[in-house]
Amino acid sequence: MQKIIKLAFIDFKLIFRDPSLYTFLFLPTLLFALIIWVVPYLVGKYDFLEPYVPLMLIVCVVENTQMFSFISSMVLVDEKESNVATVYGIVPFKERQYLVSRFLFPYFFTVLLNIILFVVQPFYHFDWMNILSISLLAALVVPLYALTLNIIAKNRMEGLIYVKALNIVVLIPLVAFFVPGEWSHLFGVFPTYWIFKSVENVTQGISAGLMLGIGFAFFAGLIWFTSRSFLRRHFM
Amino acid sequence: MIQVKNLVFQYPKNDGPTLKGLSFEIDKGEIFGFLGPSGAGKSTAQKVLYKIYYDYQGSVRVDGKSLHDWDKHYFEKIGVGFELPNHYLKLTGRENLDLFATFYPNGKKRNVDALFEMVDLESDIDKAVETYSKGMKMRLNFIRAIQHDPDILFFDEPTTGLDPVNAHKIKQHILNLKAKGKTIFVTTHSMETADQICDRVSFIVDGELVVTDTPKNLKSKHGKKAVKIELANEQSKEFPLKSLGENADFLSFIKQGEVRRIHTLEASLEEVFIQVTGKSLKS
Ligand SMILES: Nc1ncnc2c1ncn2[C@@H]1O[C@H](COP(=O)(O)OP(=O)(O)OP(=O)(O)O)[C@@H](O)[C@H]1O
Ligand SMILES: [Mg+2]
């Protein structure tokens, strides 16, 4: 446990000494400002925006996960590019512990960001069970994103290119809301779809249990799969 | 300590194997060296031995136990001095060392300040590694490898990128580690390094070991037991070392003019390498 904390703390130092990383810490502040002031102002002024409030909320939930998705991805890519990753390959440390230590903090911080988002948004009243479970589910984007990016990108340059692609991929399921009926479920192949659906259900006062269940199972499967592939190549 | 038999290793994407059946042993307390040209497979062989690559054929036993059977405790026993600097550039030298020190049991850890002093980095200990020169980073590699006082050490080209003074110091430190009973495996393409520190060396070319012996034996087997005399008048002649003092030809030759140079015709390790392998170390 001490090792895990120490490693998590080191990541902090790495982030705060790299301007290209720590500037991203302002992203959530921006999102909160949008949801507290800008969106209510616009909706108050233009009635036709009203039906899109759930969508805006959904975008904010996902964007909240993007900060640490980016930071964690880059910390790992840098570590690989500078060959520091190989050093982890020759220390007495279990690979699972390695993963936990790298994602523990980013994950819970992201959970916290979404809890704050649900609390400060002025549109709906969510109960705590929903807030907590949706936030726990949404934050799983962070490890999945960073692992996926590190499987495909070999260095920082490639990393920055794939970041742009993945930032779009996480939002693709939004299209589902403009697609009629049953077709929309096709977007379920994108894991973020189940986060979107959970939020949508809750805003409509419908139970999100099924959506959350599928979401957790889907994310767990994908994280298991990507982490195996990641661990096979990261330390070489 | 380490027994390797018929080690074959192929990189997944390559057509053929990089290591083509290596067999060698490293005894406890010895410095064993792989000497070979670039691309021969020196680093690859070490990577197999420190378990970065585990898809190999043949047998590798450490302390009598197959490498496959060793768990994470293996890494407490070994230290690796990587071929290239690999540190967190945004962290200081001390932070880099401390971070990796947390993975090892507390008892054996060496004092960090003393380690930095050992390689003349004491005034840089709290500076970010991005401000270090290549040679400084290599010295940091070296002390990171030994900070948990491991029994087995792998040094991949420990002196490349270092100036002669620092290279000499590192070699001296490696000899000191041997004096403490450590088992050490170095790779190098410097015949000088191999000659100075290795108890035994293997010549490796294209993934195969050509010969394994002590540097001394290799040199005496492949050199001539003779001296060459060069006079100031450009005349030169070779004489066998055997009963040189009674060799009348020799005695009269050195009286024929001013002697400019006398040298024994013992081969250098580099010459032996070229003779044995038909290849140059420099290519
Ligand atoms: N990751 C890799 N994937 C595929 N082939 C590789 C990989 N690493 C090394 N090789 C190949 O394996 C061979 C041996 O490489 P290796 O790094 O072991 O050589 P070396 O003897 O350490 O050389 P040097 O003195 O330059 O360090 C080379 O032909 C190299 O191209
Ligand atoms: Mg090498």
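It should be emphasised that the depicted structure is a prediction, and the values quoted were computed from it without experimental measurement.

**Q** How should I be thinking about the site of ligand 1 in this particular structure?
**A** All names here are of chain B. Surveying the vicinity of ligand 1 reveals 14 residues, the closest of which are Ser38, Lys42, Ser43, Thr44 and Glu83. Contacts to ligand 1 include Tyr11, whose side-chain N or O atom sits 3.2 Å from a nitrogen atom. In the environment of ligand 1, a nitrogen atom lies 3.1 Å from a nitrogen or oxygen atom belonging to the side chain of Asn14. Calculation on ligand 1 without its partners gives an accessible area of 630 Å², and the protein chains cover 63% of this total. Here the residues of the shell around ligand 1 are counted per class, giving three nonpolar, eight polar and three charged.

**Q** Is there a simple way to explain the packing of aromatic side chains in this structure?
**A** For the coordinates displayed, the defined rule picks out 37 aromatic pairs over all chains. Note on Tyr193(A) and Trp194(A): the rings are 5.0 Å apart at their centroids and 90° apart in plane angle, and the pair reads as edge-to-face. Under the relative-accessibility criterion, Tyr193(A) is labelled buried at 0%. A relative accessible area of 11% means that Trp194(A) is categorised as buried. Seen from their ring centres, Phe24(B) and Phe34(B) are 5.0 Å apart, and the 65° between their planes marks the pair as edge-to-face. Taken together, the positions of Phe24(B) in strand β2 (residues 19-26) and Phe34(B) in strand β3 (residues 31-35) put the pair ten residues apart, joining distant regions of the chain. Accessibility expressed as a relative area gives 0% for Phe34(B), which makes it buried.

**Q** Before we go on, may I ask you to explain the pairing of β3(B) in this structure?
**A** Regular strands show a simple pattern: their side chains alternate between the two faces of the sheet. Residues and elements named next belong to chain B. Across the five residues of β3, five count as buried, placing the element largely inside the fold. Pairing between β3 and strand β9 (residues 200-205): four bridges, direction parallel. Counterpart to Leu35 in the pairing with β9 is Phe203.

**Q** It is not clear to me how the pattern of salt bridges should be interpreted in this structure. Could you clarify?
**A** Residues and elements named next belong to chain B. A full pass over the atoms with the stated rule returns 21 salt bridges over all chains. Of the charged contacts, one joins Lys108 and Asp151 as a salt bridge, the two residues approaching to 3.9 Å between their closest N and O atoms. Taken together, the positions of Lys108 in the loop between α3 (93-101) and α4 (112-118) and Asp151 in the loop between α5 (134-146) and β7 (152-156) put the pair 43 residues apart, joining distant regions of the chain. Classification of Lys108 by relative accessible area gives partly exposed; the value is 43%. Judged by its relative accessible area of 30%, Asp151 falls in the partly exposed class. Taking the shortest distance from any N to any O, the salt bridge between Glu238 and Lys224 comes out at 3.1 Å.

**Q** Would you explain the interface of chain B and chain A in this entry?
**A** The extent of an interface is frequently quoted as the accessible surface area lost upon association of the parts. Each side of the interface is counted separately: chain B has 23 residues, and chain A has 25 residues. Between chain B and chain A, roughly 2500 Å² of surface is buried when both sides are summed, and carbon and sulfur atoms account for 71% of that area. On the chain B side of the interface with chain A, the three residues burying the most area are Tyr88(B), Lys90(B) and Phe103(B), jointly 28% of the side's total. In this assembly, chain B and chain A are joined by two salt bridges. The closest approach of N and O atoms between Arg17(A) and Glu95(B), which form a salt bridge, is 2.8 Å. Taken together, the links from chain B to chain A amount to seven residue pairs in polar contact (both at pLDDT 80 or more). Element by element, the count of residues in the side of chain B that touches chain A is highest for α3(B), at four residues. Grouping the constituent residues of the side of chain B that touches chain A by class yields 13 nonpolar, four polar and six charged.

**Q** Can you walk me through the layout of surface pockets in this structure?
**A** Leftover empty space is mapped by rolling, across the atoms, a probe with the size of a water molecule. Volume-wise, the largest pocket comes out at about 960 Å³. Contributing to the lining of the largest pocket are 28 residues, with Lys80(A), Arg232(A), Arg233(A), Met236(A) and Tyr53(B) lying nearest its centre. Going through the elements one at a time, α8 (141-152) and α11 (209-234) of chain A are the ones with two or more residues in the lining of the largest pocket. Examining the composition of the lining of the largest pocket, we find that three residues originate from one element, α8(A), more than from any other. When the residues that make up the lining of the largest pocket are grouped by side-chain class, the tally is 14 nonpolar, five polar and nine charged. Of the volumes computed, that of the second largest pocket is approximately 510 Å³. Arg96(A), Leu99(A), Val100(A), Ile223(A) and Ser227(A) are the residues nearest the centre of the second largest pocket, which is lined by 18 residues in total. At the level of secondary structure, the elements contributing two or more residues to the lining of the second largest pocket comprise α6 (95-120), α8 and α11 of chain A. Class assignment of the residues belonging to the lining of the second largest pocket gives a composition of 13 nonpolar, one polar and four charged.

**Q** Just to check I follow, could you spell out the coordination of the magnesium ion (ligand 2) for this structure?
**A** Under perfect tetrahedral coordination by four donors, a metal shows angles of 109.5 degrees; under perfect octahedral coordination by six donors, it shows angles of 90 or 180 degrees. Residues and elements named next belong to chain B. Binding of the magnesium ion (ligand 2) to the protein goes through Ser43 (OG) and Glu83 (OE), at separations of 1.9 to 2.3 Å. Note that Ser43 is positioned in helix α1 (residues 42-49) and Glu83 in the loop between β6 (78-81) and α3, a separation of 40 residues in sequence. With relative accessibility at 13%, the residue Ser43 sits in the buried group.

**Q** What's the story with the confidence of the model for chain B in this structure? I'm lost.
**A** Should the pLDDT be low somewhere, the predicted coordinates at that spot are not to be read in detail. Residues at a pLDDT of 70 or more form 99% of chain B, whose mean pLDDT is 92. Predicted complex metrics record ipTM = 0.86 and pTM = 0.88.

**Q** Can you help me understand a positive patch on the surface in this one?
**A** Taken together, the side chains of Lys154(A), Arg228(A), Arg232(A), Arg233(A) and Lys13(B) present a region of like positive charge at the surface. Residue class for Arg228(A) comes out partly exposed when judged on its relative accessible area of 45%.

How each quantity is defined
Residues numbered from 1 in each chain as written. Chains lettered and ligands numbered in written order. Predicted model: local features only at pLDDT ≥ 70, side-chain atom pairs only at ≥ 80, totals over all residues. Heavy atoms only, no water. Near = heavy atom within 4 Å. Polar contact = N/O pair within 3.5 Å; in protein donor to acceptor, adjacent residues only side chain to side chain. Areas by Shrake-Rupley, 256 points an atom, 1.4 Å probe, with all protein chains shown as cover. Nonpolar A, V, L, I, M, F, W, Y, C, P; charged D, E, K, R; others polar. Phe/Tyr/Trp six-rings, centres within 6.5 Å; stacked < 30°, edge-to-face > 60°. Buried < 20%, exposed > 50% of the residue type's maximum accessible area, 1.4 Å probe, protein only. Helix = DSSP H or I, 4+ residues; strand = E, 2+ residues; numbered from the N terminus. Pairing = 2+ DSSP bridges. Salt bridge = Lys/Arg side-chain N within 4 Å of Asp/Glu carboxyl O. Contact = heavy atoms within 4.5 Å. Buried area = accessible area lost by both parts, 1.4 Å probe. 1 Å grid on protein atoms, 1.4 Å probe; cavity = no way out; pocket = protein on both sides within 12 Å on 5 of 7 lines; lining within 4 Å. Points joined across faces, edges and corners; volume = space filled by probe spheres on them. Donors = N, O, S within 2.8 Å, 3.2 Å for Na, K, Ca; no water. pLDDT = per-residue confidence, 0-100. Patch = residues over 30% accessible without salt bridge, like charges linked within 9 Å, V, L, I, M, F, W, Y side chains within 5 Å. Lys, Arg positive; Asp, Glu negative; His and termini not counted. Charge placed at Lys NZ, Arg CZ, Asp CG, Glu CD.

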